[in-house]
Amino acid sequence: MEELRCAQEFSQLKSMLRQGKLGSYLIIPLKYEEGEVDEDWLARTCRRRRIATTDLTETVKAMLNEGEGEPVGACYELARTVLLEQLFGTQLPGAHGFTVRDEDGTEGEFDWCNSYLYLFHTRVAFLCLGLTFSQIETLDRICRLGYAENGVAYRCLDADGGVRSFSLDKRVLDLCGRAGLRSFFPDSRLLLEAYVYTVAVVSQRFRTLEALKQVTFNLHQRSPLDTPAEDGSEEDVRYVYALKDQTRGSYRWGCCVSSQTISYAVADEGMDLAEEMETQAQDGLPLVLTALYEKYTCLRFTQLIAAVDKKRMKELRALKRLLLEFRAYGTVDPANLSRWHNVKRIYQAVIETNGVPAAIEDISHKLNILVEHQQEIETARNDTVAWVLTLFGMVSILASILSIVQILSGGDPMVWFTTIMSSLVILLPVVVVVLLRRKGG
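Residues numbered from 1 in each chain as written. Predicted model: local features only at pLDDT ≥ 70, side-chain atom pairs only at ≥ 80, totals over all residues. Heavy atoms only, no water.

(A) Layout of the nonpolar core. One finds Trp112 and Leu181 to be the most contacted residues of the largest nonpolar core, which totals 68 residues. Excluding anything up to four places from it in sequence, Leu181 contacts Leu30, Lys31, Tyr32, Val37, Leu117, Leu119, Ala125 and Cys176. Counting 60 residues, the second-largest nonpolar core is a separate cluster that includes Leu292, Val343, Ile351 and Ile360. (Core = buried A, V, L, I, M, F, W, Y, C linked by side-chain atoms within 4.5 Å. Buried < 20%, exposed > 50% of the residue type's maximum accessible area, 1.4 Å probe, protein only. Contact = heavy atoms within 4.5 Å.)

Structure follows, in structure tokens:
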């Protein structure tokens, strides 16, 4: 009966779902070396954004805000006009009418919205590239999750209406390079590594969880909202929903979480996609970025450990100190993230599907092994030096004894008296210490 009711609701919602408005943040992982970030470029181009959402506790917000302790990261906003200027301004001023074409010739239109740049002190960063589009297939062409290559072509119109081709990967990399950031995986296509944060805005609320679940799963599969998608192999998918409004008897939003995507379906009678994207940027992105920062920090530590000189204890100790700081105040337990249970569940789903807790333990274990091994090498080296010093000390003592014997053999009474008194002065403190220790025992 429940399945029949859900099927009926989904069937009734089809016409409404076809009118849904779609947007996405492609969360692209980046990295940098110490001292490489161009603070002047950030100050000129971006606006430092304060995290003020009520979905997170004050402690978690302080991790990203200035003037509240020692933040582990910072959020910068790239307005749409600034983003377009940075991507196309010098070569394609006035670019508009953006499309992505598949290998078979099918084409989809997309546009840009405000984007965000997150920088963390563990030398990882993320560019949250904001896009809007009318067909979910357009997103599938752009990110192609699960594929090693992406053979699509990007086009736009210049200021005179002429068709121009461009490489989105290259332009995004150029933008990141101005900030001193590089692709986290240099040998992989940039957008194929993105974590996809998708939002669908529809006009009606959902009466059943099953219908809401189906819509969010369609988003996750990048399938049309009105066509039920199925895949029994998706074992890492988790679902989280809003509380049911008891007066209306319906749900306002729900999301589907996997290791590479988070997909929201949100009911809004006004169908205001721009406002919903702003809301998600304020409330949802900081939550997801907190989890992804923990994941990519572990991957970054793996890269740093591989590159460090294993013979230099100073570098290993610096890495271990950074790791201890990360574990001490750079990670967040789901219980401490928010006062809202569904927000905690979303965060927990992201960190669990990405294996973050196990990754933190693994990287700690690896670094401890290297530090202990280096300590053993240093101990052996110090023991060798101490043995050599002891040998030289013994030779020095023998030489001193021979010198004293030679001097005393002369028979001069003053020399004998001086030697005896010096010996007593040296031995007296030793005798006193021994007697005091015996008395104390």
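(B) Spotlight on the pattern of salt bridges. Counting across every chain of the model gives 19 salt bridges. Across the salt bridge formed by Arg141 and Asp102, the nearest N and O atoms sit 3.9 Å from each other. Linking Arg141 in helix H5 (residues 136-143) with Asp102 in the loop between strand S4 (96-101) and strand S5 (107-112), this pair joins segments that are 39 residues apart in sequence. With a relative accessible area of 14%, Asp102 lands in the buried category. For the salt bridge of Glu352 with Arg238, the shortest nitrogen-to-oxygen distance reads 2.9 Å. Of the two residues, Glu352 sits in helix H10 (residues 341-353) while Arg238 sits in strand S12 (residues 238-241), which places them 114 residues apart along the sequence. The partly exposed category is assigned to Glu352, whose relative accessible area is 39%. Accessibility expressed as a relative area gives 32% for Arg238, which makes it partly exposed. Several salt bridges converge on common partners, so that one network encompasses Glu33, Glu34, Glu36, Arg123, Arg182 and Arg300. (Salt bridge = Lys/Arg side-chain N within 4 Å of Asp/Glu carboxyl O. Helix = DSSP H or I, 4+ residues; strand = E, 2+ residues; numbered from the N terminus.)

(C) Just a nonpolar patch on the surface, in detail. Taken together, Leu428, Val432 and Leu436 make up a surface patch of nonpolar side chains, about 290 Å² in accessible area. Locating Val432 in the fold gives a position in helix H12 (residues 413-440). (Patch = residues over 30% accessible without salt bridge, like charges linked within 9 Å, V, L, I, M, F, W, Y side chains within 5 Å. Areas by Shrake-Rupley, 256 points an atom, 1.4 Å probe, with all protein chains shown as cover.)

(D) Region of the structure containing the pairing of strand S14 (residues 261-267). By the criterion of burial, S14 is predominantly enclosed, with seven of the seven residues buried. Across the two faces of S14 the burial is the same, with Thr261, Ser263, Ala265 and Ala267 and Ile262, Tyr264 and Val266 all buried. Bridging between strand S11 (residues 195-202) and S14 involves seven bridges; their strand directions are parallel. For Val199, the partnering residue across the bridge sits in S14 and is Tyr264. Once strand S13 (residues 253-257) ends, the chain turns through three residues before running back antiparallel as S14. (Pairing = 2+ DSSP bridges.)

(E) Focus on the packing of helix H4 (residues 80-88) against helix H6 (residues 168-178). For the pair H4 and H6, the least separation of the axes is 8 Å and the interaxial angle reads 105°. Comparing their axes, H6 and H4 come out roughly perpendicular. Between H4 and H6, the contacting residues are Leu83, Gln86, Leu87 and Phe88 on the first element and Arg171, Val172, Leu175 and Arg178 on the second. (Axes fitted to C-alpha atoms, helices over the stretch in contact; angles between N-to-C directions. Parallel < 35°, antiparallel > 145°, perpendicular 65-115°, else oblique.)

(F) Highlighting the state of the cysteines. One pass over the full model with this rule turns up zero disulfides. Note on Cys128: no disulfide assigned, nearest cysteine sulfur contributed by Cys75 at a separation of 7.4 Å. In this structure Cys255 is not part of a disulfide, and its nearest cysteine sulfur, from Cys256, lies 7.7 Å away. (Disulfide = S-S within 2.5 Å.)

(G) Spotlight on the packing of helix H8 (residues 273-307) against H10. Where H8 contacts H10, the two axes come as close as 9 Å, and the packing angle between them is 30°. In terms of their interaxial angle, H8 and H10 are classed as roughly parallel. The hand of the H8/H10 crossing is right-handed. Residue-level inspection shows Leu287, Thr290, Ala291 and Glu294 of H8 in contact with H10, the latter providing Val343, Ile346, Tyr347, Val350 and Ile351. Here the residues of the contact of H8 with H10 are counted per class, giving seven nonpolar, one polar and one charged. (Left-handed = near helix turned anticlockwise from the far one by under 90°. Nonpolar A, V, L, I, M, F, W, Y, C, P; charged D, E, K, R; others polar.)

(H) Inspection of unusual backbone geometry at higher detail. Positive phi, normally seen in glycine, also occurs at Arg222, with a value near 55°. For Arg222, the location among the structural elements is in the loop between helix H7 (209-221) and S12. In this model, Met271 sits at a positive phi of 55°, which is unusual for a non-glycine residue. Using a relative accessible area of 13% as the deciding quantity, one classes Met271 as buried.

(I) Quick look at the packing of aromatic side chains. This model, assessed by the stated rule, comprises 22 aromatic pairs. Ring centres of Phe120 and Phe126 lie 6.1 Å apart, and the angle between their planes is 80°; this geometry places the pair in the edge-to-face category. Accessibility assignment for this pair places Phe120 and Phe126 in one class, buried. Relative to Phe185, the ring of Phe184 has its centre 5.0 Å away and its plane inclined at 65°; by these criteria the two rings are edge-to-face. Using a relative accessible area of 26% as the deciding quantity, one classes Phe185 as partly exposed. Three or more aromatic residues link up through ring pairs in this structure, and these residues are Tyr118, Phe120, Phe126, Phe184, Phe185, Tyr293, Tyr296, Phe301 and Phe326. Positioned above the aromatic ring of Tyr76, the side-chain terminus of Arg48 is 5.7 Å from the ring centre. (Phe/Tyr/Trp six-rings, centres within 6.5 Å; stacked < 30°, edge-to-face > 60°. Lys NZ or Arg CZ within 6 Å of the ring centre and 35° of its normal.)

(J) Representation of the pairing of strand S7 (residues 124-133) within the structure. The buried count for S7 comes to nine of 10 residues, which makes it a mostly enclosed element. Across 10 bridges, strand S1 (residues 21-31) lies against S7 in antiparallel orientation. The partner of Ser24 across the bridge, within S7, is Leu131. When S5 meets S7, the two strands line up antiparallel, connected through three bridges. From the neighbouring strand, Phe110 faces S7, where its bridge partner is Phe133. Taking the residues that link successive antiparallel strands as the turn, the strand S6 (residues 115-120)-S7 hairpin has three residues, and the phi of Arg123 there is positive, at about 70°.

Purely geometric numbers; function is a separate question.
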